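Residue-level listing of the chains:
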Amino acid sequence: MANEEYPSVNERPPDGLKPDGGNFKLMVVDDSMFVTKQLTQILTSEEYDVLAVAENGEVALEKYKSHYPDIDLVTMDITMPKMDGIECLKKIIEFDKNAKIIMISAIGKQDLVKESLLIGAKNYIVKPLNRSKVLERIRNALS
Amino acid sequence: MRLEYINPFVEASCDILEEVLDVKIKKEELFLKETTVPILGVAVLIGLTGNVRGRVLIDMEQDTALKIAGIMNMEEIAVFDEMAKATITELANMIGGRAITELHNEGFDFEVSPPTIFTGTDMEVSSPHLEAFIVPLDTPFGRIEVNVAVKEREDSNF
């Protein structure tokens, strides 16, 4: 049986913890309060720190800049009012070429996926969100 | 109206509902309506553009919407509040997105507008000059109607 002194080999540290013990900091961008709640629940269950939430690209860009360089990864919806996810992806990459952004959309059209990856997105997830898929893609992008 | 325009929306509705609710969905007989259709209580409208013009309506009673929103949020939702609206809107967004992806894979150029939700009783929807195909879906939480009204654009090559 595991105890504090000798943890079981089967126990793994939460995905959201960095090797130094700090938490990875993320920003969730989506105009749906249902999706931001769902993503926040998935991420915090693995001890990711959801540092910021934005409901459109304009707000996301502003928040990314104001928190720079603290945000380790962004999840970005594509269809949003004011500034969509593709435009915001471009602008964040222009500002920080090392930004790690994962696109999340209900639309999985190949040209949209390709365009996002060419601009610099690390990956693309099609909704509905599957917890293990979301965590796996984020873990891979941060590794 | 070509059936290959409707089937992706019906299939996407069944697939997404089965995925997010973890239940079996039964498709009932498709029927055609040329006139005004009453809305059941909660309806999400998605506009269609590209090679076609038209719209898709995902329609259900409020009680059904509350039960579905509760399952998707993993908590009981008693009042059809902003979170419930956002949840049902997102459900329709996923259905539209899945259908558009499928239509695109088949070579059709369809785009969808962001979903708009309507709630209330004694409402009707009319789409002048468009036939509406309605496919009722039988779920354990009540009936959901997928209502597709679409027409090819005159300058379309399809």
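That block above? That's the structure.
Some remarks on the sheet that holds strand β3 (residues 73–77) of chain A
Residues and elements named next belong to chain A.
Right, so step 1: Taken in spatial order, the five strands make up an open sheet running β2-β1-β3-β4-β5, and their pairing is parallel. Among the strands making up the open sheet, the edge pair consists of β2 (49–54) and β5 (123–126). Between one strand and the next, the sheet's axes are offset by a mean angle of 20 degrees, whatever the strand orientation.
Right, so step 2: One ladder, built from four bridges, connects β3 with strand β4 (residues 101–105); its direction is parallel. Each residue of the ladder has a partner; that of V74, found in β4, is I101.

Observations regarding the packing of helix α1 (residues 3–21) of chain B against helix α3 (residues 82–105) of chain B
Residue and element names in this part refer to chain B.
Right, so step 1: At a minimum axis distance of 8 Å, the contact between α1 and α3 shows a crossing angle of 130 degrees. Relative to α3, the element α1 is oriented oblique. When you trace α1 past α3, the crossing you get is right-handed. Contacts from P8, F9, A12, S13, D15, I16 and V20 of α1 reach α3 at L91, M94, I95, R98, A99, E102 and L103.

A few points about the interface of chain A and chain B
Right, so step 1: If you look at the interface, chain A gives twelve residues, while chain B gives 18 residues.
Right, so step 2: Sorting elements by how many residues they give to the side of chain A that touches chain B places helix α1 (residues 33–45) of chain A first, with three residues.
Right, so step 3: Within the side of chain A that touches chain B, the residues separate by chemical class into six nonpolar, four polar and two charged.

Considerations on the environment of P14 of chain A
Right, so step 1: Among the secondary structure elements, P14 of chain A is positioned in the segment before β1 (25–29).
Right, so step 2: Dropping the residues within four chain positions of it, P14 of chain A is found in contact with E46 and E47 of chain A.

Side note on the pairing of β2 of chain A
Right, so step 1: Bridging between β1 of chain A and β2 of chain A involves five bridges; their strand directions are parallel. Note that in β2 of chain A the partner of V28 of chain A across the bridge is V53 of chain A.

Brief notes about the packing of α1 of chain A against α3 of chain B
Relative placement of two packed helices is described by the angle separating their axes and the distance separating the axes.
Right, so step 1: Here α1 of chain A crosses α3 of chain B at 90 degrees, and the two axes come no closer than 7 Å. Accordingly, the angle class assigned to the pair α1 of chain A and α3 of chain B is roughly perpendicular. On α3 of chain B, the residues touching M33, F34 and V35 of chain A of α1 of chain A are E82, M83, A86, T87 and E90 of chain B.
Right, so step 2: For the contact of α1 of chain A with α3 of chain B, a count of residues per class yields five nonpolar, one polar and two charged.

Parameters at a glance
- Residues numbered from 1 in each chain as written.
- Chains lettered and ligands numbered in written order.
- Predicted model: local features only at pLDDT ≥ 70, side-chain atom pairs only at ≥ 80, totals over all residues.
- Pairing = 2+ DSSP bridges.
- Helix = DSSP H or I, 4+ residues; strand = E, 2+ residues; numbered from the N terminus.
- Axes fitted to C-alpha atoms, helices over the stretch in contact; angles between N-to-C directions.
- Parallel < 35°, antiparallel > 145°, perpendicular 65-115°, else oblique.
- Left-handed = near helix turned anticlockwise from the far one by under 90°.
- Contact = placed C-beta atoms within 7 Å.
- Nonpolar A, V, L, I, M, F, W, Y, C, P; charged D, E, K, R; others polar.

By themselves, these observations are geometric and do not establish any function.
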